[in-house]
Amino acid sequence: MRVTSFPLATLRDTPSEAEIISHQLLLKGGFIKRVSSGIYAYMPLMLRVIEKISLIIEKELNKIGCSKLLLPQLHPSELWKRSGRWEGYTEGEGIMFNLKDRQDRSFGLAPTHEEVITYIASEIVKSYKQLPFCFYQIQTKFRDEIRPRFGLMRGREFIMKDGYSFHSSKEDLIDFYKIMEKSYENIFENCGLKTLGVEADSGAIGGGASKEFMVTADSGEDSILFTKSGSYSANIEKAISLPSREKPLNNFSKSLIHTPNQKSIKDICKTNNLDPSQIVKVIIYKAKFEDKSEVPLLVCIRGDQTINDVKVFNLIDKTKKSNLITLSIIESDLEIKKNLNGLPIGFIGPDLEDELIKKNSSWEKKWVRIVDHSAFNLSNFISGANKVDFHKFFNSWKFIGDNYIEADIRNSKAGDYLDKDSSEILLEAKGIEIGHIFQLGQKYSEKLDAKFSNQKGLLENIWMGCYGIGVSRLAQAAIEQNHDKNGICWPIQISPFQVVLIATNLKDPIQEKLALSIYKEMQDYNIDVLFDDRDERAGVKFKDADLIGFPFRVIVGRDAVDNQVELISRSKKIQLKLSSNELIEKFLNESKLL
Ligand code: ATP
Ligand code: MG
């Protein structure tokens, strides 16, 4: 390809809209153009990267017997209603774009495809003899993200590879999941990326075990906790660990403490000479269910710890019959006071009983009390006295009876011990999630009635797994991991071109002739070359080549008279003078280049 065959539009200045380096470089290099918030055009150079990544994925998935297909992006609401996800995905903070057709029927633009693929499986699978199989596609997904940002990292329209496997038993699903895990490792390695596999939460997709593949980078939106030895790594949403020990609360004499205007833990600690680890804080959440019911949650945790909303969500989702749609902290004093006979936030204690809750209010006899292990392990502590302007000293949890759930609902953090028998301490890093694999189990097949007749002739729900890769996010994450002050340093496997050919003076007939003959020969040999044939100074072309990040540059200069050219790697580690024949040789024998 010649540079003059498409308008290469590199920018001199760093666009102010881009906060992170990979986004800046994509815009500066003319790889992408913003059309609207979170919506980008993939320009020719970018599309080549996307296509190369897609080919690497396809090759690896085909090897393990997956079949490629293409599913519709307009999904009828009925399918999503059957899975119970329509409301959660379209109301409140739901991320599904939705629309109506001319007959007033509702549709959603696909953010993911579990519903559609399970419906298809329900139509085509009859017997265990047809199982297992795995379908995948590479296609645009739509998500109306609350905070689209960082270019392709969090787009509202982005390219995903999504795959779905179908099995006749849980064991078969688990075996295939492990094969897929290995396949993912190969894919990322073949893209030239270093990734870290972490235990993950299954989120709104649901199901059993799941693993995320992360590119570690300071700009990552995910937090990963891991041990130095590599024995453990998990997304912070999922990580389990032991907090550091609390400060003992000895010789505390007062049973009731007057704490006027001391609503925060910081205030209470400062005024009463206490440590946050000696306090139990009580936070009220509201859980909304698919059947429109609402339940208040009284969540107790040690004062120096924070609550992990994902863990609370999963806990409540498991214990209730109806699908949990949203979970949010009640931050309005007014709402709390209305239901708790005037008691405001900040003074609520873990021993809140029904008597305090306003008679006939929507909260009465409905609330669920959750106590995190960190709080439950305290033998004595200070907490709200359920009385305005007062806190209380508690010397046991005996009051609690059996009206509570004790669970791990805490955010793990760096510095925590892995567990009580371990001397390993957790470290934290930021990560970009580029892939995610899940064991879905029978969650969707049950809802969408996708059954097969098993070996005993009985009908059984199909066992499913699903496997995603953010193709466009991966491309940008590769830049986050591979760049220097002059621009992108693409891994050779996914670079838009492997080599750029530059003549320092195209007006010199000898240089022009040699450059053209090298270009032609490289094309004949299918060497992935871009010929920078612009009427520009060599310096401009070199600068662009560094910015765009081709792994190799071939320079035809004054030595063209002796049929000599220069081959330089992007890192400048390889710098060779060689004849045009030797040059072609090098590219044909790729191992010499890597
Ligand atoms: P995130 O937690 O980052 O919002 P997710 O867990 O919701 O992502 P999945 O449903 O697991 O995403 O989707 C599979 C893959 O698609 C992710 O691992 C990620 O690489 C990619 N992806 C998800 N959302 C976006 C987005 N808004 N823009 C670009 N890629 C995305
Ligand atoms: Mg995910």
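You'll find the structure just up there.
Owing to the predicted nature of the structure, the values given are computational and were not obtained by experimental measurement.

Draft legend 1. View of helix H12 (residues 471–481). Counting buried positions along H12 yields 10 of 11 residues, so the element is predominantly enclosed. Turning to H12, its buried residues number three or more, namely Val471, Ser472, Arg473, Leu474, Ala475, Gln476, Ala477, Ala478, Ile479 and Glu480.

Draft legend 2. Highlighting empty space enclosed by the protein. If you walk through the whole model with that rule in mind, you get four cavities of 30 Å³ or more. Quantified by volume, the largest cavity comes out at close to 80 Å³. Contributing to the lining of the largest cavity are Ile20, Phe150, Met153, Arg154, Ser219, Gly220, Glu221, Asp222, Gly431, Ile432, Glu433 and Arg473. Here the element with the most residues in the lining of the largest cavity is strand E21 (residues 427–441); it accounts for three residues. In terms of residue class, the lining of the largest cavity is made up of four nonpolar, three polar and five charged.

Draft legend 3. Quick peek at the environment of tyrosine 42. Relative to the assigned elements, tyrosine 42 resides in strand E2 (residues 39–42). A residue is classified by how much of its surface remains accessible, and tyrosine 42, at 22% relative accessible area, is partly exposed. Spatially, the C-alpha atoms of tyrosine 42 and isoleucine 32 are 4.9 Å apart, while their sequence positions differ by 10 residues.

Draft legend 4. Spatial organisation of the sheet that holds strand E4 (residues 74–76). The antiparallel open sheet is built from three strands, whose spatial order is E4-E6-E5. Where the open sheet ends on each side, the last strands, each with one partner, are E4 and strand E5 (98–100). Ignoring strand direction, the axes of neighbouring strands in this sheet form an average angle of 35 degrees. The sheet contact formed by E4 and strand E6 (residues 106–109) spans three bridges and is antiparallel. Bridge pairing in E6 links leucine 74 to leucine 109.

Here is what the cut-offs are and how they apply
Residues numbered from 1 in each chain as written. Chains lettered and ligands numbered in written order. Predicted model: local features only at pLDDT ≥ 70, side-chain atom pairs only at ≥ 80, totals over all residues. Heavy atoms only, no water. Buried < 20%, exposed > 50% of the residue type's maximum accessible area, 1.4 Å probe, protein only. Helix = DSSP H or I, 4+ residues; strand = E, 2+ residues; numbered from the N terminus. 1 Å grid on protein atoms, 1.4 Å probe; cavity = no way out; pocket = protein on both sides within 12 Å on 5 of 7 lines; lining within 4 Å. Points joined across faces, edges and corners; volume = space filled by probe spheres on them. Nonpolar A, V, L, I, M, F, W, Y, C, P; charged D, E, K, R; others polar. Pairing = 2+ DSSP bridges. Axes fitted to C-alpha atoms, helices over the stretch in contact; angles between N-to-C directions.

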